[in-house]
Amino acid sequence: MKLLTIESTCDETAAAVIGDDLEVLSSVVASQDELHEQFHGVVPEIAARAHLERILPVIDETLRRANITADQLDAVAVANTPGLAGSLLVGLVAAKTLCATLDIPLVAINHLHAHIYACQLATGRSVFPCVGMIVSGGHSNLYRCDSAHDFTPLGGTIDDAAGEAFDKVASMLGLPYPGGPAISKAAADGDPKAYQFPRSFLKDEQRLDFSFSGLKTAVRYAIVGPGKHDFSQIELAEKQVQDIAASFQEAVVDCLVGKAMLALKKTGLKRLCVGGGVAANGRLRERLQLAAEAESVELEIAPLKLCTDNAVMGAIAVEKFEAGQIEPLDLDVYPGLVRT
Ligand code: KG4
Ligand code: ZN
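Just so we're clear, the structure is a prediction, and the values are computed from it rather than from any experiment.

A. How the structure looks around unusual backbone geometry. With an omega of 0 degrees, the peptide bond running from F128 to P129 counts as cis. Residue position: P129 is located in the loop between α4 (111-123) and β6 (130-135). For the bond running from Y177 to P178, omega is -5 degrees, close enough to zero to count as cis. Along the chain, P178 falls in the loop between α5 (162-172) and α6 (179-187). The phi dihedral of D21 is positive, around 55 degrees, even though this residue is not glycine. If you trace the backbone, D21 turns up in the loop between β2 (12-18) and β3 (24-31).

B. Layout of the domain arrangement of the chain. For the chain, the domain assignment lists domain 1 (3-115 + 307-322) and domain 2 (126-304). Listed by partner, the interface residues are 16 residues for domain 1 and 22 residues for domain 2. Buried surface at the junction of domain 1 and domain 2, both sides included, amounts to about 1,600 Å², of which 64% is carbon and sulfur. When the buried area of domain 1 at its contact with domain 2 is split by residue, H40, L112 and C307 rank highest and sum to 43% of it. Summed over the shared surface of domain 1 and domain 2, the number is zero salt bridges. Across the contact surface, domain 1 and domain 2 share four residue pairs in polar contact (both at pLDDT 80 or more). Broken down by secondary-structure element, the contributors of at least two residues to the side of domain 1 that touches domain 2 are α1 (33-36), α4 and α10 (317-322). Sort the elements by how many residues they give to the side of domain 1 that touches domain 2 and α4 lands first, with three residues.

C. Representation of the nonpolar core in the model. In terms of nonpolar packing, the biggest core is built from 88 residues, with F248, L256 and L272 touching the most fellow members. In terms of residue count, the dominant contributor to this core is helix α8 (residues 238-267) (16 residues). Looking at this core, you find at least three residues from each of domain 1 (3-115 + 307-322) and domain 2 (126-304). Every residue in contact with F248, bar those within four places of it in the chain, is listed here: A165, F166, V169, I183, F197, L215 and V219. Listed in part, the 27 residues of the second largest apolar core include I6, A15, V90 and A108.

D. The arrangement of the pattern of salt bridges in detail. For the structure on display, the rule yields 16 salt bridges. Notably, a salt bridge pairs D243 with K239, separated by 2.9 Å at the nearest N-O pair. Residue D243 and its partner K239 are both found in helix α8; the two are separated by four residues, about one turn of the helix. Residue classification places D243 among the buried residues on the basis of a relative accessible area of 11%.

E. Highlighting α5. The buried fraction of α5 is high, at eight of 11 residues. Summarising the contacts, the buried residues of α5 are in contact with β7 (140-147), α6, α7 (213-224) and α8. Phi turns positive, to about 75 degrees, at G174, one or two residues after α5.

Calculation criteria
- Residues numbered from 1 in each chain as written.
- Chains lettered and ligands numbered in written order.
- Predicted model: local features only at pLDDT ≥ 70, side-chain atom pairs only at ≥ 80, totals over all residues.
- Heavy atoms only, no water.
- Helix = DSSP H or I, 4+ residues; strand = E, 2+ residues; numbered from the N terminus.
- Domains from an automatic or database assignment.
- Contact = heavy atoms within 4.5 Å.
- Buried area = accessible area lost by both parts, 1.4 Å probe.
- Salt bridge = Lys/Arg side-chain N within 4 Å of Asp/Glu carboxyl O.
- Polar contact = N/O pair within 3.5 Å; in protein donor to acceptor, adjacent residues only side chain to side chain.
- Core = buried A, V, L, I, M, F, W, Y, C linked by side-chain atoms within 4.5 Å.
- Buried < 20%, exposed > 50% of the residue type's maximum accessible area, 1.4 Å probe, protein only.

Right, here's the structure in full:
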């Protein structure tokens, strides 16, 4: 079997070829970080245009690295939900065109399900049922996951996603985009107790939700002073940047770890799977490990190279392909999450 998987939900243009027994025959990721850096966040129109320029070269390179030609493909799978509408469309149209011209089946991928499936790919055995936590630039969600495709929402962010908060706080601190890795690096030399930032809902045992906008505001006030918004006159010392980064990161990590553990308690499940770009955060990984050990819970975190967006996690489509769950060629994109 040779399945081409395509990922273009946000700002990475990616493709992979998955072979028998989920072997990854090739994987290519073209990041757009340099295009969005000056805006400190993803600009949807720029992302869609860049996907359009990159999608065919990325697919060509993916096939070349797998040492195959397009006519050797058995099917094409594409992430069509959730994500940015323009970005999703580029991947979907590329996938449909290949399927139409090669007369092969089209398989749909739910991008969030794929982020959790990255944990299964890493372990090589079933990770279901589990509590799934997806922490990325667009999502901070907790699910009960009964199978790779059967997710029940337990909670999520009511405002910013964790990754978005990392990106915005990095911008306030004058750190580069994407903010996650930059904050993590600055935090390594900072004091996580230097600033007392809020941990929304953390003590509320009834809710499995997150809120990071208050935390963002608290960081803003720590930098410019209460009620003020102008950053232009502010020059932060390196130590101040490090301390704010460390204190902010600790607050986010406290919330993510706390709610993940609460979700396990509420569902009675004994396995936690974590995926998405923010799952690459070293401090989060360390704290999850400690909490899982303390609660005797099995923990699977996506390996680093499968945390941020990639097409390898699209291997989730193999099961669907083998079960004959094929999509018609008028398949659409669903930018908002389709609850399946
Ligand atoms: O999963 P992803 O590649 O894209 C979405 O589906 O959103 O996640 C990107 C997000 C960005 O907000 C980025 O700042 C964050 O993941 N991120 C991190 C780290 N690496 C990437 N956040 C915290 N620590 C990191 N090491
Ligand atoms: Zn993602």
